[in-house]
Amino acid sequence: MQTPLANKEFDHTNTINALADKFENIRLECLETGIYQICIHRPKILNALNLQCLEELNTCLDLIDSNPDVRVLLVTGAGDKAFVAGADIAYMKQLSAQAAENFSAYGNQTFSRFSQLKVPVIAMVNGYALGGGCELALSCDFIIASDKACFAQPEVNLAILPGFGGSQRLTRRLGLSLAIELVMTGRNIKSDEALKLGLVNHVYPADSLNEAGLELARGLTHKSPYALAAIKQLMHQGENIPLDQALKLESQSFALTFAGNDREVAMQAFLDKSQASFRSLQKTS
Ligand code: DAK
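Residues numbered from 1 in each chain as written. Predicted model: local features only at pLDDT ≥ 70, side-chain atom pairs only at ≥ 80, totals over all residues. Heavy atoms only, no water.

Visitor: Mind laying out helix 10 (residues 225-239), listing which residues take part and the relevant values?
Guide: In a regular helix each residue adds 1.5 Å, so 15 residues correspond to 21 Å; helix 10 covers 21 Å between its end C-alpha atoms and thus fits that length. What helix 10 keeps buried is the set Pro225, Leu228, Ala229, Ala230, Lys232, Leu234 and Gly238. Elements in contact with the buried residues of helix 10: helix 4 (97-116), strand 5 (121-125), helix 9 (209-221), helix 11 (243-259) and helix 12 (261-272). (Helix = DSSP H or I, 4+ residues; strand = E, 2+ residues; numbered from the N terminus. Expected span 1.5 Å × (residues − 1). Buried < 20%, exposed > 50% of the residue type's maximum accessible area, 1.4 Å probe, protein only. Contact = heavy atoms within 4.5 Å.)

Visitor: Break down the confidence of the model for the protein chain for me, citing the residues and quoting the values.
Guide: Close inspection of predicted coordinates is inappropriate in any region flagged by low pLDDT. On average, residues of the protein chain score 93 in pLDDT, and 92% of them are at 70 or above. Segment residues 1-8: pLDDT under 50, and 10 contacts once partners within four positions in sequence are set aside and those in other chains are kept. (pLDDT = per-residue confidence, 0-100.)

Visitor: How would you summarise unusual backbone geometry if you had to cite specific residues and measurements?
Guide: Positive phi outside glycine occurs at Asn47, with the angle close to 65°. Relative to the assigned elements, Asn47 resides in the loop between strand 2 (35-40) and helix 2 (51-65). Residue Lys273 is not a glycine yet carries a positive backbone phi of 55°.

Visitor: Lay out the packing of helix 10 against helix 11 in plain terms, naming residues and giving numbers.
Guide: The geometry of helix 10 relative to helix 11 is characterised by a closest axis approach of 10 Å and an angle of 170° between their N-to-C directions. One finds that helix 10 runs roughly antiparallel with respect to helix 11. Along its contact with helix 10, which presents Tyr226, Ala230, Leu234, Gln237 and Gly238, the element helix 11 presents Ala246, Leu249, Glu250, Ser253, Leu256 and Thr257. (Axes fitted to C-alpha atoms, helices over the stretch in contact; angles between N-to-C directions. Parallel < 35°, antiparallel > 145°, perpendicular 65-115°, else oblique.)

Visitor: Help me get a handle on the sheet that holds strand 7 (residues 142-146), residues and values and all.
Guide: Strands sit in the order 1-2-3-5-7-10 across an open sheet of six strands; the sheet is mixed. The sheet is open, and its two edges are formed by strand 1 (26-32) and strand 10 (202-204), each paired on a single side. Mean inter-strand twist for the sheet, computed between neighbouring axes without regard to direction, equals 25°. In this structure, strand 7 lies alongside strand 10, joined through three bridges in parallel fashion. Directly across from Ser146, in strand 10, lies its bridge partner Tyr204. (Pairing = 2+ DSSP bridges.)

Visitor: Give a detailed account of the pattern of salt bridges, specifying residues and quantitative values.
Guide: This model, assessed by the stated rule, comprises eight salt bridges. Notably, a salt bridge pairs Glu181 with Arg187, separated by 2.7 Å at the nearest N-O pair. The class for Glu181 is partly exposed, based on a relative accessible area of 31%. With a shortest N-O distance of 2.9 Å, Glu193 and Arg187 are connected by a salt bridge. In this structure Arg187 comes out as partly exposed when scored by relative accessible area, which is 29%. (Salt bridge = Lys/Arg side-chain N within 4 Å of Asp/Glu carboxyl O.)

Visitor: Hey, could you go over the sheet that holds strand 4 (residues 82-84) for me, with residue numbers and the actual values?
Guide: Here four strands make up an open sheet; going across it, the order is 4-6-8-9 and the pairing mixed. Looking along the sheet, the strands with just one partner apiece sit at the ends: strand 4 and strand 9 (189-190). Strand direction decides the pairing type here: strand 4 and strand 6 (residues 128-130), joined by two bridges, are parallel. By the bridge assignment for strand 6, Val84 is matched with Ala129.

Put into structure tokens, the structure is as follows:
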């Protein structure tokens, strides 16, 4: 039997609205056609992440993943002071070693889902992105930041290490020597340095960050969702395998885009000097 979320006739927007009201720590909303936003919403403690917050994030990602209307996902934090100031230290303080392993594994599973989604995910970092916050941003396809953003992996100051993928994703993004420096010192990286290092894609004045994120998202809604999903899957998979295998994967993915309808639409539009328009990806499972 089909679940309601797998049924194409199902009203996904109403489901999102109904379920989103039940979240305590997350706001999930549709900003414009095709553009959805997850906002981590614990402003009193700078959006720090506890287990409940991760559970809600997982439910949000179920909703996003099963909704064919979603073309781009934005991720941000409530308020202008922090994107996410890390895992919730009060919550972590009482964890046993076993519970800490579970918390880390659950966080890693949750954050990995951003790269498994078929749609592009844009982190909009509007203040502190520390520890788990930096790791959340690193899990997204794009990171855009305000000129007030500040990134760090300061876990070493709490006598722990990054538990939501930072030790590995930072290394893949910046290289080992720089990543080791940042994880061992826990030092702050302001947005101008983050841009120089390639940690973020773009930096904007704080009051125009949201509009810049929307503009980037709008541009992506005009691309073929099929091509975007193929690019995303190929590039994430290719990052972790030897080059020769990755190049084979590229040829296979390239062929798949030729088998799809969007390629024909896009190439004909080019020849006709017109604007191609693409349908959303339908969920297949
Ligand atoms: N957790 C809990 N509360 C936090 C918090 C956090 N990460 N960050 C801030 N808060 C709370 C503060 O305690 C304060 O609460 P009240 O005193 O008002 O009740 C409120 O937010 C406002 O913060 P401040 O008063 O400190 O604000 P300031 O502007 O003075 O300073 C700050 C802002 C972001 C520089 C400062 O709050 C700060 O340094 N926060 C901690 C940042 C940090 O160390 N973050 C990394 C957390 S470690 C793992 C799993 C996960 C992880 C590691 C291992 N395993 C299970 C193995 C991940 C770890 C992390 O993310």
